Amino acid sequence: MILGFTIAQVAVAGLGALLCLVLGLVGRVPNDLTMGAVALVEVLLVAQLVTALVAPAVGNTAEGSLLEYYTYLISALLVPPAAAFWALVDRSRWATVILGAGCLTVAIMVYRMQQIWGA
Amino acid sequence: MSSPSSAPVRGTPHPRLSGSGRALIAVYAVLALAATGRSFVQIVSKFDEAPLAYTLSALSAVVYIVATIALVKRARVWHTIAWVTISFELAGVLVIGTLSLVEAAWFPHDTVWSVFGRGYLFIPLVLPVLGMIWLRSQSRAKESE
């Protein structure tokens, strides 16, 4: 993993979580902005996957368990699509809150992934 | 995260499903994902070290997945399944939580239920209780229709 990228990713997911939670709690249904934030979080996770696959080849190897790392990464990749699917089925303010909760989950999981990689 | 895929797509969203009900389902889904991921890692990498604890982890993961689906589904049979799985979780966290304190030697490796779910912020202890309260309020709402 690249520390700078991880920090950026946690920041984006954290801001996305804040945005969706606030907009959800003031009563907004999912819109392009909140769905876009969740999409961005997912794109960064895919980039993280590519980085993780390439990193060992250029000397950036994991010190912790790769099995654990990839279990976190694959699980995290499932979260934004699941939250977005929820938002498509259930168009209520609570779906926006769920989008925020999904972003927050990803932020925590990415933080944990950095710990595992560098452990 | 099987909950959204099993949500009723035909027509109306849950008219009576409150914010708390939705939050409950979301937390169940996240716990199901966490328990599944963790038990997968445990079983693949070190099953031999603690077959009992890790089999229990896998079992609890499956139960959380089923409970999540059961909370989303509307049919009466799923209501019963929700009761069964959530009761099983509560029994599991109480029995395993107590045993892990009283007979620590039996559980040298953590399960999702060890020390009443300490590794998961005690969510496994609180969640079944909230789930039961919610299920009961659902039945009452149905009866009053």
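One can find the structure itself at the top, above this paragraph.
Fair warning: this is a prediction, and the values are worked out from it, not measured in the lab.

### Here we look at the packing of aromatic side chains
The tally for this structure, following the rule as stated, stands at 4 aromatic pairs over all chains. A ring pair is formed by Tyr69 of chain A and Trp117 of chain A, whose centres lie 4.9 Å apart and whose planes are at 65°; its orientation type is edge-to-face. Here Trp117 of chain A lies in helix α4 (residues 93-118) and Tyr69 of chain A lies in helix α3 (residues 66-89), a separation of 48 residues in the sequence. Residue Trp117 of chain A is classed as buried on the basis of its relative accessible area, which comes to 4%. Note on Phe88 of chain B and Trp113 of chain B: the rings are 6.0 Å apart at their centroids and 65° apart in plane angle, and the pair reads as edge-to-face. In this pair, Phe88 of chain B sits in helix α3 (residues 76-102) while Trp113 of chain B sits in the loop between α3 and α4 (123-143), placing the two residues 25 residues apart along the sequence. Ring pairing ties together the aromatic residues Tyr69, Tyr70 and Trp117 of chain A, which thus form one cluster. In this structure, Arg93 of chain A is placed above the aromatic ring of Trp94 of chain A, and the distance from its NZ or CZ to the ring centre is 5.1 Å.

### Focus: the packing of helix α1 (residues 19-46) of chain B against α4 of chain B
Packed helices, taken two at a time, are described by the angle between their axes plus the distance between the axes. Residues and elements named next belong to chain B. Direction vectors running N to C along α1 and α4 enclose 145°, while the axes themselves pass 11 Å from each other. Crossing geometry of α1 relative to α4 is assigned as left-handed. Each of Gly21, Leu24, Val27, Tyr28 and Leu31 in α1 lies in contact with α4, whose residues at this interface are Ile123, Pro124, Leu127, Pro128, Leu130, Gly131 and Trp134. For the contact of α1 with α4, the per-class residue count stands at 10 nonpolar, 2 polar and no charged.

### A word on the packing of α3 of chain A against α4 of chain A
In the contact formed by α3 of chain A and α4 of chain A, the axes pass within 9 Å of each other and the chain directions differ by 170°. As the angle between them shows, α3 of chain A and α4 of chain A are arranged roughly antiparallel.

### Re the pattern of salt bridges
Pairs can form between side chains of opposite charge once their charged atoms are near each other. Residues and elements named next belong to chain A. Taken as a whole and assessed by the stated rule, the structure comprises 2 salt bridges over all chains. Here Glu68 and Arg112 are joined by a salt bridge, their closest N and O atoms 3.6 Å apart. Separated by 44 residues along the polypeptide, Glu68 in helix α3 and Arg112 in helix α4 bring together distant segments of the chain. Look at Glu68 and you get partly exposed, because its relative accessible area is 24%.

Procedures and definitions
Residues numbered from 1 in each chain as written. Chains lettered and ligands numbered in written order. Predicted model: local features only at pLDDT ≥ 70, side-chain atom pairs only at ≥ 80, totals over all residues. Heavy atoms only, no water. Phe/Tyr/Trp six-rings, centres within 6.5 Å; stacked < 30°, edge-to-face > 60°. Helix = DSSP H or I, 4+ residues; strand = E, 2+ residues; numbered from the N terminus. Buried < 20%, exposed > 50% of the residue type's maximum accessible area, 1.4 Å probe, protein only. Lys NZ or Arg CZ within 6 Å of the ring centre and 35° of its normal. Axes fitted to C-alpha atoms, helices over the stretch in contact; angles between N-to-C directions. Left-handed = near helix turned anticlockwise from the far one by under 90°. Contact = heavy atoms within 4.5 Å. Nonpolar A, V, L, I, M, F, W, Y, C, P; charged D, E, K, R; others polar. Parallel < 35°, antiparallel > 145°, perpendicular 65-115°, else oblique. Salt bridge = Lys/Arg side-chain N within 4 Å of Asp/Glu carboxyl O.

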